[in-house]
Amino acid sequence: MTPHLEAKLGDYAETVLLPGDPLRAKWIAETFFEDARQVNGIRNCLGFTGSYKSRPISVQATGMGQPSTAIYAHELIHFFGVKTLVRVGTCGGIHPSVKLRDVILAQTASTDNGMNRAAFAPFEFAPAADFGLLRAAAGEAERRGIKAHVGGIVSSDLFYGPEGRYQVLTDHGVLGVEMEANTLYTVAARAGAKALAICTMSDCLITGAALDPASRQSSLTEMVTLALEAALAA
Ligand code: HPA
């Protein structure tokens, strides 16, 4: 039991999927897990444990943004022995090479968030995905015919920012914007845990196009399958 997770030691598997949305955590458990049971309900930030292809697996919602993600990642690793954390989420597209529904495997994540700035001064930490997870996800995507880009994303504190805000990042090859990966990678690195963020491009900040609800759902199904296979193969 921690301030944010009411589970008991042993209630989480060593591998945990991390969506932002609690109802997506419930949907993942109900859709993909065998014998799923709820292990967290504090703040309605739902967590479940079950098995996937007979291997223990958990899913825990993180809420939105880096402070919230840092709390759940920290508690899962330090109080529940979690070793592998795979974020499954959506992102906004900021690069012309990424199309709606494409998957981004985040090799690294820039940020405008200040947590690392203070902690690493005078350095600027470059958080990285675990290579084994990244390689497994890239291989799995290729086998399944899923269009997956491997590259940098940005974890922004602003969902509603001024137009043109990400241009300098686009100019440096950054592919998408979401709000969680940078701190997930940092918290995992500090503890020697493995982390990867997998994002489906749900809306394009360049063209304004967005996935319709049916495509959003089927792309999520595809991404979660990819995440489960990669997490258990790595
Ligand atoms: N910004 C931040 N996070 C996101 C976005 C976005 O445009 N789309 C999906 N997650």
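Our subject is the structure listed above.
Overview of the structure. Note that this is a predicted model, so its numbers are computed, not measured.

Another point: the overall build of the chain. Looking only at helices and strands, the chain features seven helices and nine strands. Taking 17 Å as the expected radius of gyration for a compact globule of 234 residues, we find that the chain reaches 16 Å, a close match to that expectation. Overall, the chain is about 45 × 45 × 30 Å in size when its C-alpha atoms are taken along their principal axes. Burial analysis of the chain (234 residues in total) assigns 53% to the buried set.

Here helix α7 (residues 213-233) contains 21 residues, and its C-alpha end-to-end distance of 30 Å stays within 8% of the 30 Å for a straight helix at 1.5 Å per residue. Its side-chain oxygen 3.1 Å from the backbone nitrogen of A214, D212 forms the N-cap of α7.

Moving on: the site of the ligand. Taken together, T90, C91, G92, F159, V177, E178, M179, S202, D203 and L205 are the residues near the ligand. In this structure, a nitrogen atom belonging to the ligand sits 3.5 Å away from a main-chain N or O atom of T90. Contact between the ligand and G92: a nitrogen atom at 3.2 Å from a main-chain N or O atom of the residue. Relative to its unbound accessible surface of 260 Å², the ligand loses 91% to contact with the protein. Judged by its atoms lying within 2 Å of the grid points, the ligand is housed in the largest pocket. Mapped by element, the contributors of at least two residues to the shell around the ligand are β5 (84-93), β8 (176-178) and β9 (194-204). Per-element tally for the shell around the ligand: the top contributor is β5, with three residues. Tallied by class, the residues present in the shell around the ligand amount to five nonpolar, three polar and two charged.

Residues Y12, L85 and I198 are the most contacted members of the largest nonpolar core, which totals 67 residues. Beyond its immediate stretch of four places on either side in the chain, Y12 contacts L5, A7, V39, N40, G47, T49, S58, Q60, L76, F80 and V82. Core analysis: the next-biggest nonpolar cluster, separate from the first, contains five residues, I94, V154, Y166 and V177 among them.

For the structure on display, the rule yields 11 salt bridges. A salt bridge links D11 to K8; its shortest N-O distance comes to 3.8 Å. We note a salt bridge from R37 to D11, for which the minimum N-O separation is 3.3 Å. Of the two residues, R37 sits in strand β2 (residues 34-40) while D11 sits in the segment before β1 (15-18), which places them 26 residues apart along the sequence. Owing to a relative accessible area of 40%, R37 belongs among the partly exposed residues under this scheme. For D11, a relative accessible area of 10% corresponds to the buried category. The structure contains a network of salt bridges with shared partners spanning K53, E140, R143, R144 and E229.

Rules and cut-offs
- Residues numbered from 1 in each chain as written.
- Predicted model: local features only at pLDDT ≥ 70, side-chain atom pairs only at ≥ 80, totals over all residues.
- Heavy atoms only, no water.
- Helix = DSSP H or I, 4+ residues; strand = E, 2+ residues; numbered from the N terminus.
- Rg over C-alpha atoms; globule rule 2.2 N^0.38 Å.
- Buried < 20%, exposed > 50% of the residue type's maximum accessible area, 1.4 Å probe, protein only.
- Expected span 1.5 Å × (residues − 1).
- Polar contact = N/O pair within 3.5 Å; in protein donor to acceptor, adjacent residues only side chain to side chain.
- Near = heavy atom within 4 Å.
- Areas by Shrake-Rupley, 256 points an atom, 1.4 Å probe, with all protein chains shown as cover.
- 1 Å grid on protein atoms, 1.4 Å probe; cavity = no way out; pocket = protein on both sides within 12 Å on 5 of 7 lines; lining within 4 Å.
- Sits in = over half its atoms within 2 Å of the grid points.
- Nonpolar A, V, L, I, M, F, W, Y, C, P; charged D, E, K, R; others polar.
- Core = buried A, V, L, I, M, F, W, Y, C linked by side-chain atoms within 4.5 Å.
- Contact = heavy atoms within 4.5 Å.
- Salt bridge = Lys/Arg side-chain N within 4 Å of Asp/Glu carboxyl O.

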